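Listed below are the residues making up each chain.
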Amino acid sequence: QVQLVESGGGLVQAGGSLRLSCAASGRTFSSYAMAWFRQAPGKEREFVGVISRSGRVTSYHDSVKGRFTISRDNAKNMVYLQMNSLKPEDTAVYYCTADVNFTGWGTAQVPKPDYWGQGTQVTVSS
């Protein structure tokens, strides 16, 4: 069982920045592609972005390209989501996830997570 714990959510004004962190348990962290998803009230769950096992490759949803950056530190079992130029439309619960088998680099494939964190609320005010 892999446990994922997000932190860093909160209230921020439009145009501001926020960094989310995800701490993972276990000794096999580098075996997983790590992805962020989000869900706003009354809306479907949305893919945000994914980072490869080595951290060398990332892929993002069009709505956050150029504004959000995913990074990871395998030595610390940590994944991060740096969010800049935030918009009210970014308001959602953000989830850290782990995908054991993801191989969709360079395609439109979206991760199918095996493990989910509890989520952290991000609210962007106008």
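Keep in mind the model is a prediction, meaning the values are calculated, not measured. (Residues numbered from 1 in each chain as written. Predicted model: local features only at pLDDT ≥ 70, side-chain atom pairs only at ≥ 80, totals over all residues. Heavy atoms only, no water.)

Caption draft 1: Structural detail: the pattern of salt bridges. In this structure the tally under the stated criterion is four salt bridges. For E46, the salt bridge goes to R38, with nearest N and O atoms at 2.7 Å. What makes E46 partly exposed here is its relative accessible area of 25%. Two residues, D90 and R67, come together in a salt bridge whose shortest N-O distance is 2.8 Å. Within this pair, whereas D90 is found in the loop between β8 (78-83) and β9 (92-99), its partner R67 is found in the loop between β6 (58-60) and β7 (68-73), the two being separated by 23 residues in sequence. Across the pair, R67 and D90 agree in class, each one buried. Several salt bridges share partner residues, and in doing so they unite R38, E46, R67 and D90 into one network. (Salt bridge = Lys/Arg side-chain N within 4 Å of Asp/Glu carboxyl O. Buried < 20%, exposed > 50% of the residue type's maximum accessible area, 1.4 Å probe, protein only. Helix = DSSP H or I, 4+ residues; strand = E, 2+ residues; numbered from the N terminus.)

Caption draft 2: Fine view of the state of the cysteines. The tally for this structure, following the rule as stated, stands at one disulfide. Between the sulfur atoms of C22 and its disulfide partner C96 the distance amounts to 2.1 Å. When the S-S torsion is -75°, as for the bridge of C22 with C96, the disulfide is left-handed. Remark: C96 occurs in strand β9 and C22 occurs in strand β3 (residues 18-24); sequence separation between them is 74 residues. For the residue pair C22 and C96, the accessibility class agrees, reading buried in each case. (Disulfide = S-S within 2.5 Å.)

Caption draft 3: Structural view of the side chain of R67. Classification of R67 as buried rests on a relative accessible area of 11%. Separated by 3.0 Å, the side chain of R67 and the backbone oxygen of S85 make a polar contact. Setting aside residues no more than four positions away along its own chain, R67 makes contact with Q82, M83, N84, S85, L86, K87 and D90. (Polar contact = N/O pair within 3.5 Å; in protein donor to acceptor, adjacent residues only side chain to side chain. Contact = heavy atoms within 4.5 Å.)

Caption draft 4: Local environment of the pairing of β3. Judged by how many residues are buried, β3 sits mostly within the fold: five of seven residues are covered. When strand β1 (residues 4-7) meets β3, the two strands line up antiparallel, connected through four bridges. From the neighbouring strand, V5 faces β3, where its bridge partner is A23. Note that β3 and β8 share six bridges and pair antiparallel. Its bridge partner being in β8, C22 is matched across the sheet by V79. (Pairing = 2+ DSSP bridges.)

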